[in-house]
Every structure is written in C-alpha cells, then in structure tokens.
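# Descriptive structure summary
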Amino acid sequence: MPVEPAAGVVPGWATLVRAPNPGPMTLEGTNTWLLRAGDGLVVVDPGPADEAHLGRVAAHGPVLLAVLTHAHADHAEGAARLRELTGCPVTAYAAGLCAGTGPLADGAALPVPGLPARVLATPGHTEDSVCLLVDDPAAPAIVTGDTVLGRGPTVVEGRLGAYLGSLERLRALGGLPALPGHGPVVPSIADAAGQLLQHRMDRVEQVRAALAAGAATAEDVVQQVYPGLAPGLRRAALHSTRGAMAYLRGQ
C-alpha cells in the first residue's frame, strides 16, 4: 500500500469546494476544484447532483467552463445542473459528456483565457480519464481527478497497462503538487505516482502467485490476495484483480 503523504498546500489560484458525499470510495467526498481564470472560474468536476453543493460552487463567481476529469457520477452528475445555474459550457474527453463546446484533446490548452492549463490524457481509472496541468509560473500543479487520489490507490476500471503508462507520464512531471478528486492535496505527483506504480506491480505479482497456486477466478484470487476485506471494498478489489489478470494475459 502506498504511504499516505502529508497534505500539501492548495495553490492560490485554486479553491476547494468539497461535496457532501463521503464514503469508502469517495473518502471525505468529491473535490470540486475552482480554478481562477481572469475574472471568472473554471470548475473541475462539479460533483454529484446535490443542489446545496452546486449552489455553493456557482456562488463563487462567473463560471466560464466546467471540466469533467471522467464520467463517474460522483464527479459529473452535477454538470447539467451547474450549466443551468451558470450558463457555462461543459467539456470532457468523451464527446458525449460535452454541452455547449467540444471535447478535450490530449496536449491541448484549455480554451479559457487567463488559465495556463493543458490536458493530459491519463486512461486507466476509466478510459476517458484526464488530468489538467496548470503551468502557473509561481505555483504550477496538476489536477488529477481519480487518476491519483489524495491517499490510497484508485480503482482501475480501464486497462491496467494503460494506467501504468499514465502513472509513468505523471511521475515524469517531477515534484509538482497534485489536486486530487478525493482526499488531501498531494505534495509531489512524482512521489505519489512512483508509489502507486510499485503498489500495482506488487499486486500483479500477488495475483500471479495466486493463479499459480490454483486460483481459477477473480473471486478466488480476491480471497487469497485480500484477506479480511471489508464488504464495501469487494467490488473495487474484483475490478483491480480482473485488470491484473488481463494484464498478465497481455491484454
């Protein structure tokens, strides 16, 4: 398990509004990040369709754009209502999530004056996952959605090989702080990504050993690799195990 880092510092150009949806998969709740862009804001991950939460987000000022790091409801469900409240367009890597504007593209600058941010495609948690690299001269940072959390590993619903590649890409960014989709700010994306890479490869080896010992299904492997697992985490463990099994098959 990756070592839990001390909480990092939120950059001056970012504001955190946390949704009231805590749980085993969401930690303290979904982090909705408000990024200053000139005289307005970019909202990253409006969060669930919680009227009070969306009202707090909208009250911070003119919303120029909402960005979804991926399609999961705890990040994206509130986007349509935020658009009703503010008139902002909504963009994401998946075109079907967009409203009033086109989809994000890997390496492209975010189309908002006053915010030096560009898109990094980071598939793995989901196939449509993206991060936003904010090249602020005084305080650069990266907004990671669920690709890297504030603590603990994320669920890999996409291909494990793609996720490992995304972690390598993030590790190459060096010691930038990360603003995650759940949990506290991570002081160094390189350190966090390196720990997660090691954790994933350790899990792969555990899955390999369980299969060699006679496990035939993902459920069998989970019984061996995750002893004493809390029931609420079983779905996540099965996702990760199936991903590791596919990775071992070269998929």
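Please refer to the structure higher up on the page.
Below: a short report on this structure.

What counts and how
- Residues numbered from 1 in each chain as written.
- Predicted model: local features only at pLDDT ≥ 70, side-chain atom pairs only at ≥ 80, totals over all residues.
- Heavy atoms only, no water.
- Helix = DSSP H or I, 4+ residues; strand = E, 2+ residues; numbered from the N terminus.
- Rg over C-alpha atoms; globule rule 2.2 N^0.38 Å.
- Buried < 20%, exposed > 50% of the residue type's maximum accessible area, 1.4 Å probe, protein only.
- Core = buried A, V, L, I, M, F, W, Y, C linked by side-chain atoms within 4.5 Å.
- Contact = heavy atoms within 4.5 Å.
- Expected span 1.5 Å × (residues − 1).
- Pairing = 2+ DSSP bridges.
- Axes fitted to C-alpha atoms, helices over the stretch in contact; angles between N-to-C directions.
- Salt bridge = Lys/Arg side-chain N within 4 Å of Asp/Glu carboxyl O.
- Parallel < 35°, antiparallel > 145°, perpendicular 65-115°, else oblique.
- Left-handed = near helix turned anticlockwise from the far one by under 90°.
- Nonpolar A, V, L, I, M, F, W, Y, C, P; charged D, E, K, R; others polar.

A few words now on the overall build of the chain. A tally of helices and strands in the chain yields 7 helices and 9 strands. For 251 residues, the compact-globule estimate of 2.2 N^0.38 gives 18 Å, and the chain sits close to it at 18 Å. With the C-alpha coordinates of the chain rotated into their principal frame, the extents come out at 60 × 35 × 30 Å. By residue count, 51% of the 251 residues in the chain fall in the buried class.

Grouped together as the largest cluster of nonpolar side chains are 32 residues, with contacts concentrated most on I142, V148, L167, L170, I189 and V221. For this core, the elements supplying multiple residues, two or more each, are β7 (130–134), α4 (160–171), α5 (189–212), α6 (218–225) and α7 (234–248). No other element matches α5, which puts 8 residues into this core. If sequence neighbours within four positions are ignored, L170 has contacts with L120, T122, C131, I142, T147, V148, I189 and A193. Counting residues in each nonpolar core, the second largest holds 22 residues, with A14, L35, L132 and A141 among its members.

Turning next to α4. In a regular helix each residue adds 1.5 Å, so 12 residues correspond to 16 Å; α4 covers 16 Å between its end C-alpha atoms and thus fits that length. Every buried residue of α4 is accounted for by L160, A162, Y163, L164, S166, L167 and L170. Contacts made by the buried residues of α4 are with β6 (117–121), β7, β8 (141–145), α5 and α7.

Okay, the sheet that holds β7 next. Taken in spatial order, the 4 strands line up as β6-β7-β8-β9 in an open sheet, and their pairing is mixed. Strands at the two margins of the open sheet, each flanked by one partner only, are β6 and β9 (178–180). Between one strand and the next, the sheet's axes are offset by a mean angle of 25°, whatever the strand orientation. As paired strands, β8 and β9 are joined by 3 bridges and run parallel to one another. For V143, the partnering residue across the bridge sits in β9 and is L179.

This part is about the pattern of salt bridges. Within this structure, the stated rule accounts for 10 salt bridges. The partner of E84 in a salt bridge is R81, with the nearest N and O atoms 3.0 Å apart. Taken together, the positions of E84 and R81, both in helix α3 (residues 79–86) and 3 residues apart, correspond to about one turn of that helix. The residue R118 makes a salt bridge to D135 at a minimum N-O spacing of 3.5 Å. Of this pair, R118 sits in strand β6 while D135 sits in the loop between β7 and β8, and the two are 17 residues apart along the sequence. On the accessibility criterion, R118 (33% relative accessible area) is partly exposed. Taking the relative accessible area as the measure of exposure, D135 reaches 37% and is therefore partly exposed. One continuous salt-bridge network, built from bridges that share partners, spans E51, R81 and E84.

Right, let's get into the packing of α5 against α6. Helix-helix packing is described using two parameters, namely the angle between the two axes and the distance between the axes. One can describe the packing of α5 onto α6 by two numbers: an axis separation of 9 Å at closest approach and a directional angle of 115°. When the axis of α5 is compared with that of α6, the two are roughly perpendicular. Considering the relative orientation of α5 and α6, their crossing is right-handed. Contacts from R203, Q206, V207, A210 and L211 in α5 reach V221, Q224 and V225 in α6. Considered class by class, the residues forming the contact of α5 with α6 number 5 nonpolar, 2 polar and 1 charged.

Secondary-structure assignment places A212 in helix α5. Among the residues examined, A212 registers a relative accessible area of 70% and is labelled exposed.

One full turn of an α-helix is made of 3.6 residues, so residues set three or four places apart face in the same direction. For α7, built from 15 residues, the straight-helix expectation of 21 Å at 1.5 Å per residue is met to within 8% by its first-to-last C-alpha distance of 21 Å. Listing the buried residues of α7 in full gives A236, A237, L238, S240, T241, G243, A244, M245 and A246. For α7, the secondary structure elements touched by its buried residues are α4, α5 and α6. Looking one or two places after α7, you find G250, whose phi comes out positive at around 85°.

Read these as geometric descriptors, not functional statements.
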